[in-house]
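# Structural overview for review
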Amino acid sequence: MRSLASYKTDLHSKVTTSRRLVEDALQRATDPEGEGSKVFTKIYEESALACATASDQLRAFGIEAGALSGIPISIKDLFDVAGEPTNGGSVLFVDGPNAVADSVVVRKLRSAGAVLVGRTNMTEFAFSGLGLNPHYGTPRNPFDRSTGRIPGGSTSGGAVSVTDGMAAAAIGSDTGGSVRIPAALCGLTGFKPTASRISREGVLPLSTTLDAVGVIAPTVRCCALVDSVMADSAVEVDDGRPLGGVRFGVLKGYVLDGLDKDVAAKFASAITTLSSMGAIVEDINVPSLVQIPQCNAKGGFTAAESYAWHRDLLGKFGERYDPRVSSRIARGKDMSAADYIELIDSRGRIIKEFGHSIRGFDAILMPTVPRIAPTIASLEVPNDDAYVDANLAMLRNPAVVNFIDGCAMSIPCHKPGDAPVGVTIFGPAHADGRLLSLGIAIERALASAGCAIN
């Protein structure tokens, strides 16, 4: 995998052209021996080549169209693109209605010169952290493809589009980890910004309270660049921030329960590496966060808000849904107005208490997910127990960040050839610039220890 900076350098120095980059991405996406048929729900072959050619023509006259000029980017199948349906990984809308305008994010990507190569597959309506899709298939994780492991969800196709060179970066949504989970399981970097920084206009919702637009890419700098294009409020990122004297809190409690041996060993090694670089690493307990699972016991914001959106559709077309998705949406039917108001109040209190608890720390660390990617076959069995267990495990840690309205990044901390594992760095809302700066420093430290930083 190549960084966005290397793409930009090669284009600027005329080592390659946008046309060649896009042709290569499309060849990988359409290769019958590859994962492309399960990665994309739609490929923009004709328009992508036209945009690439136009980018090259502008560059020949010394004009760069924007920060992503001529670079192939994939978008999750829940962003509106004018003139076509927004399917959300479902089959409900394949015959329309069509979007009347591009989503704000798509509009900004186009303005920055990005070449959209296609819409990526996802868990239906983004309601799972595993990435399985019975309608379009499930792309296999690049690690141990012969066995066939999940890519993570819900931005499943987005992650594999990057690992397999079908796109330089992938745009996704993150409601409870849908960017960070597939990034961690596929050995990539995933960034979930403060939700309010990037417009969700024209994005099919899962939870209007928790949804955020994020990016999956090879490196922290790649994420920062794409974030700067999409964001309504840019943040300042320090490329050279040292780790010496930085104070990290390692979150204790249930986020460390049930770690498999791969995750436990690699997370511990990452903490040791940061300490050796001069970071001050201390255990931290945040009692309010322990209350989050209980707050979500009746389905939380995701069930309530998705049910409100899907209620009529479930009544008319319920049999066309993935039953593992429709059953989770239907949980919202049993939540009362009083339950929802209590949930809002509890969230506000926990956000406030979290802010008080982490005073004095620059950021908080935890494993992104507690397990390496399980096999697809083990989760496709008729018995739902394995699916439920794996889904809850994958969502458990990353969902903390959405609940507190924070920002977070998953960074690879495994060695090349090993099962991918991610370490998460997170903080409160609007700490994005500090987080990205520290992420670059962490990435640099882990690379020096031989971790698989792309």
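Up top you'll find the structure we're talking about.
Since the model is a prediction, treat every value here as computed from it, not as a measurement.

## A short note on helix H5 (residues 104-111)
Among all positions of H5, only Val104, Val105, Val106 and Leu109 are buried. Next to the buried residues of H5 lie strand E2 (72-76), strand E3 (115-120), strand E4 (169-173), strand E6 (213-217) and helix H8 (220-230). Within two residues after H5, Gly113 carries a phi angle of roughly 90°, on the positive side.

## With respect to the sheet that holds strand E10 (residues 407-412)
If you walk across this open sheet you meet the 11 strands as E1-E3-E2-E4-E6-E5-E10-E11-E9-E7-E8, and the pairing is mixed. Each of the sheet's edge strands pairs with one partner strand only, and the pair in question is strand E1 (40-43) and strand E8 (280-284). Within this sheet the neighbouring strands show an average axis-to-axis angle of 25°, counted without direction. Bridge count between strand E7 (residues 247-251) and E8: five bridges; the pairing is parallel. For Gly249, the partnering residue across the bridge sits in E8 and is Glu282.

## A look at the pairing of strand E11 (residues 422-427)
Most of E11 is tucked away: six of the six residues are buried. The sheet contact formed by strand E9 (residues 363-367) and E11 spans four bridges and is antiparallel. Bridge pairing in E11 links Ile364 to Phe426. Summarising the sheet, E10 and E11 pair through six bridges and their orientation is antiparallel. Paired with Met409 across the two strands is Ile425, which belongs to E11.

## Considerations on the packing of helix H2 (residues 18-30) against helix H4 (residues 45-60)
It is the contact of H2 with H4, at a shortest axis distance of 8 Å, that shows an interaxial angle of 160°. When the interaxial angle is binned, H2 and H4 end up roughly antiparallel. Judged by the twist between their axes, the crossing of H2 over H4 is right-handed. Contact residues: H2 offers Ser18, Arg19, Val22, Glu23 and Leu26, while H4 offers Glu45, Ala48, Leu49, Ala52, Thr53, Ser55, Asp56 and Arg59. Looking at the contact of H2 with H4, its residues break down into five nonpolar, three polar and five charged.

## Remarks on the pattern of salt bridges
Under the defined criterion, the tally for this structure stands at 28 salt bridges. Linking Lys266 and Asp262 is a salt bridge whose minimum nitrogen-to-oxygen distance equals 3.7 Å. Taken together, the positions of Lys266 and Asp262, both in helix H9 (residues 261-276) and four residues apart, correspond to about one turn of that helix. Shared partners join several salt bridges into a network, and the residues in it are Lys42, Asp77, Glu84 and Arg119.

Conventions used here
Residues numbered from 1 in each chain as written. Predicted model: local features only at pLDDT ≥ 70, side-chain atom pairs only at ≥ 80, totals over all residues. Heavy atoms only, no water. Buried < 20%, exposed > 50% of the residue type's maximum accessible area, 1.4 Å probe, protein only. Helix = DSSP H or I, 4+ residues; strand = E, 2+ residues; numbered from the N terminus. Contact = heavy atoms within 4.5 Å. Pairing = 2+ DSSP bridges. Axes fitted to C-alpha atoms, helices over the stretch in contact; angles between N-to-C directions. Parallel < 35°, antiparallel > 145°, perpendicular 65-115°, else oblique. Left-handed = near helix turned anticlockwise from the far one by under 90°. Nonpolar A, V, L, I, M, F, W, Y, C, P; charged D, E, K, R; others polar. Salt bridge = Lys/Arg side-chain N within 4 Å of Asp/Glu carboxyl O.

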